[in-house]
Structure formats: structure tokens, C-alpha cells
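Close look at the chain arrangement
Each chain, letter by letter, is given below.
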Amino acid sequence: MVEYCVLGHLSKFVEPAAVRIGSTSQGADGVRNVTFENPDGSRAAYVVNSASSAQTFSLTDGGKPLSYPLPAGAVATFVWEQDGTTPPPTGTVDPSRWYQVVNTHSGKCLDATGGGPETARPCSSGRA
């Protein structure tokens, strides 16, 4: 089931014909990532923190750095334009809060409630 969810998550950000351009791993108990370049030139990094404590993930692309704190067990996806027009994310992830993941093309939210597969649904202002 985990692989199915990972594939569903990746397919929202990594387009068909994308090319893997890099990956790193700190091992099974650390931060692991894989980065793809989409046909339109945008890039997507899928990052997993398998550690039992918060870790800071960082990458540099075209001389521009990104550093982001990930809580223990967190999964994050970063998407940016290779030309630097998309600013890197800021802030931290608070695991005690609810977040909406909104598709920039469809405007729909990612719904992964109930332990089932992820689906897109209209966004609401509160927890479903």
C-alpha cells in the first residue's frame, strides 16, 4: 500500500517523460530524496524523512539553495522552475496542524483521509 501512495503522490508532480536527475540518501534512518526534471523544464524533488527526529533537508540548483526542516516521518515535495522564477518554500511544517495540498492546475485538493488512496476533491475551508 505504501508504494501505491508514493506512486500516487509522485504522479501529481512528476509529469510523463520526466527524467530523474538526482537522488541522495542518508540510509534507511535518514533523509532520502529523488529529483526529476519535467518536459517543461520544471523540477520536482520528493523528500522523505525516515529518521525518528526532525531533520533539515537542503539542495542547491543553479547556485540557488533551498533548506527546509522536515518533522520525523514527514514526506514533502518541492516543485520549482529551473530558471528560478518559482521562489523556494518558506516556513516549517507543524505536524499538529491540518494542511491543504492544492493542485495549481486544477485547483482541487489532495484528499488522503481514511487511509485510502489519494483523490482530488474540491477544496473546503476546514477539515473534511
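Predicted model, so just to flag it, every value in this text is computed and none were measured.

On to the overall build of the protein chain, then. A tally of regular secondary structure across the protein chain gives 1 helix and 8 strands. For the protein chain, the residues scored as buried account for 27% of the 128 residues in total. Accessible area of the protein chain: about 8300 Å², with a carbon and sulfur share of 55%.

Residue placement: Arg43 occurs in strand S3 (residues 42–49). At a separation of 2.6 Å, a polar atom in the side chain of Arg43 contacts the side chain of Asp61. With near-sequence residues (within four places) excluded, Arg43 lies in contact with Ile21, Phe36, Glu37, Asp61, Phe78, Val79, Trp80 and Gln82.

Glancing now at the pairing of strand S5 (residues 64–70). Direction of pairing for strand S4 (residues 55–61) relative to S5: antiparallel, over a ladder of 7 bridges. Its bridge partner being in S5, Asp61 is matched across the sheet by Lys64. Taking the residues that link successive antiparallel strands as the turn, the S4-S5 hairpin has 2 residues, and the phi of Gly62 there is positive, at about 60°.

Criteria and thresholds
- Residues numbered from 1 in each chain as written.
- Predicted model: local features only at pLDDT ≥ 70, side-chain atom pairs only at ≥ 80, totals over all residues.
- Heavy atoms only, no water.
- Helix = DSSP H or I, 4+ residues; strand = E, 2+ residues; numbered from the N terminus.
- Buried < 20%, exposed > 50% of the residue type's maximum accessible area, 1.4 Å probe, protein only.
- Areas by Shrake-Rupley, 256 points an atom, 1.4 Å probe, with all protein chains shown as cover.
- Polar contact = N/O pair within 3.5 Å; in protein donor to acceptor, adjacent residues only side chain to side chain.
- Contact = heavy atoms within 4.5 Å.
- Pairing = 2+ DSSP bridges.

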